[in-house]
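Chain by chain, the residues run as shown.
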Amino acid sequence: MDSFYNSVRVFQGRGCLRELPSVCKKALKDDLSAIILILVWDKSVLEQKGIQKLQEEFPNTLVEECSVSNPEIEDLFGLYQKFYRKKLDLIIAVGGGSIMDLGKSLCMIHDEEIESAEELRNIIAEKRYRKSSLQWIGVPTTSGTGSEVTCWATVWDMENLKKSSIETTENYAYAAFADSRLTENLLIKLAVSSTLDAACHAAESYWAKSTNSISQMYALKAIHLIFSALPALVERRDPILTSEILSRASLVAGLAFSNTHTTACHSISYPLTMLFRIPHGVAVALLLGGVFKLNQSKIEELPELLESFGVKSVDDIQPLVEGFLTAAGFEIRLSKWGATDATLEEAAEKSMTKGRADNNPVPLDKETVLKILNNIKG
């Protein structure tokens with residue numbers, strides 16, 4: 001039996017952000033005195049007409065700039081300290097996955113009494129968060145994470161080399177606005193790495209143990225859109241059309257894995273980011289070919305999945321991905337990021353992320369992971 005649930009009101013398309021004020025009015029029951037917190041990576045997004053109109057209609061709007069990549073426990077606690085004594089009615093997270101992770105995480109802990117970052121670390125580890133009175137709206141400025149339509153948030157603990165997740169179906173966004181105007185001027189490295197992250201979301205949702213036919217439908221669509229548009233992206237052709245296609249693809253990939261979680265690609269990628277500071281999208285993309293080969297015997301309708309990538313064989317996946325990463329200027333060998341035999345051993349030991357590794361259709365162990373890592377070590 002299939003089961004699929006997602007409660008997010010989705011707006012997608014170039015210029016859709018103009019609907020933001022009216023959606024906020026509905027969320028806040030026309031209370032124009034409500035206090036809205038807008039979290040942004042860069043305040044330049046405040047120039048968008050939809051956000052300007054929102055600030056005009058809601059005079060109690062607050063803006064907080066959070067230029068933090070891969071937010072850590074301490075970052076979240078600092079944000080919590082700044083706003084927990086303030087009455088907030090709605091959070092709007094405008095940015096990439098890191099900003100949305102902070103926004104949805106703050107929703108879940110805003111009503112709690114938390115004394116220290118260490119206490120917050122324990123709350124997250126033990127999943128001692130309650131349904132919040134706060135709602136949030138996601139406005140992505142990259143085409144990769146799909147975080148605007150998922151109910152979990154990643155919080156990093158670099159001190160202990162751990163990645164934690166705040167996840168509950170109570171924390172789906174009230175609404176999501178995937179407006180491609182916000183992604184048209186991304187730097188090529190960010191555009192390619194985030195897009196390949198979305199491709200991995202879709203592929204992993206397709207073969208996950210927890211997959212379903214609706215997620216698979218979304219996954220195939222997302223992958224097809226991504227690999228039809230990536231050549232134009234790296235060649236810097238048709239930026240408006242390309243951004244629109246990839247914005248839609250990221251959203252659809254987000255819907256796909258919102259019900260399945262990810263699998264081995266993401267599980268193995270986390271220590272690569274923590275140990276070698278490889279950007280998340282690059283780390284997960286470099287693993288796609290190896291994990292695809294590992295899982296191929298367990299993938300239903302394998303030819304249909306390969307067709308969505310535009311390839312004939314599983315052997316074509318890794319060269320395809322590496323070609324786009326190289327075109328964007330990324331190193332594609334782990335040794336170039338500082339990996340050694342010893343540190344890859346450590347990465348393999350830390351690769352068994354609960355809810356991701358055990359969601360892979362083929363069991364993972366340290367030796368299997370090491371083989372995948374050594375194949376891309378160089």
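Given the structure is predicted, the values throughout are model-derived calculations rather than measurements.

Asks: Explain the packing of aromatic side chains to me, please; I cannot follow it from the model alone.
Replies: What characterises a pair of aromatic rings is the spacing of the ring centres plus the angle enclosed by the ring planes. Summed over the entire model, instances satisfying the criterion amount to eleven aromatic pairs. Between Phe-4 and Tyr-218 the ring centres are 5.8 Å apart and the planes differ by 50°, which places this aromatic pair in the tilted class. Residue Phe-4 is located in the segment before strand E1 (9–12), and its partner Tyr-218 is located in helix H7 (residues 213–234); the two are separated by 214 residues in the primary sequence. Judged by relative accessible area, which is 24%, Phe-4 ranks as partly exposed. A residue is classified by how much of its surface remains accessible, and Tyr-218, at 25% relative accessible area, is partly exposed. Here the aromatic cluster, defined as three or more aromatic residues joined through ring pairs, consists of Trp-207, Phe-227, Phe-292, Phe-309 and Phe-324. Above the face of the Tyr-174 ring, Arg-9 is positioned so that its terminal group lies 3.8 Å from the ring centre. Arg-356 extends its terminal NZ or CZ atom over the ring of Trp-152, reaching a point 6.0 Å from the ring centre.

Asks: Help me out: how do you make sense of the nonpolar core in this one?
Replies: What tends to happen in soluble globular proteins is that the nonpolar side chains get buried as a cluster. Counting residues in hydrophobic clusters, the biggest one holds 69 residues, and the most contacted among them are Phe-292, Phe-309 and Leu-373. Discounting residues that sit within four places of it in the chain, Phe-309 has contacts with Ala-203, Ile-223, Phe-227, Leu-288, Phe-292, Ile-317 and Leu-320. Formed by 39 residues, the second largest nonpolar core is a distinct cluster that contains Leu-39, Ile-99, Met-108 and Ile-166.

Asks: What am I meant to see in a negative patch on the surface here?
Replies: On the surface, a cluster of negative charge is contributed by Glu-300, Glu-301, Glu-304 and Glu-307. Mapped onto the fold, Glu-307 is located in helix H12 (residues 302–309). On the accessibility criterion, Glu-307 (58% relative accessible area) is exposed.

Asks: Just to check I follow, could you spell out unusual backbone geometry for this structure?
Replies: Both trends apply: most residues other than glycine have a negative phi, and most peptide bonds are in trans. The backbone of Lys-127 sits at a positive phi, close to 55°, despite the residue not being glycine. Lys-127 sits in the partly exposed class, given a relative accessible area of 45%. Phi at Arg-236 is positive, roughly 55°, even though this residue is not glycine. With respect to the helices and strands, Arg-236 occurs in the loop between H7 and helix H8 (239–257). The exposed category is assigned to Arg-236, whose relative accessible area is 57%.

Parameters at a glance
- Residues numbered from 1 in each chain as written.
- Predicted model: local features only at pLDDT ≥ 70, side-chain atom pairs only at ≥ 80, totals over all residues.
- Heavy atoms only, no water.
- Phe/Tyr/Trp six-rings, centres within 6.5 Å; stacked < 30°, edge-to-face > 60°.
- Helix = DSSP H or I, 4+ residues; strand = E, 2+ residues; numbered from the N terminus.
- Buried < 20%, exposed > 50% of the residue type's maximum accessible area, 1.4 Å probe, protein only.
- Lys NZ or Arg CZ within 6 Å of the ring centre and 35° of its normal.
- Core = buried A, V, L, I, M, F, W, Y, C linked by side-chain atoms within 4.5 Å.
- Contact = heavy atoms within 4.5 Å.
- Patch = residues over 30% accessible without salt bridge, like charges linked within 9 Å, V, L, I, M, F, W, Y side chains within 5 Å.
- Areas by Shrake-Rupley, 256 points an atom, 1.4 Å probe, with all protein chains shown as cover.
- Salt bridge = Lys/Arg side-chain N within 4 Å of Asp/Glu carboxyl O.
- Lys, Arg positive; Asp, Glu negative; His and termini not counted.
- Charge placed at Lys NZ, Arg CZ, Asp CG, Glu CD.

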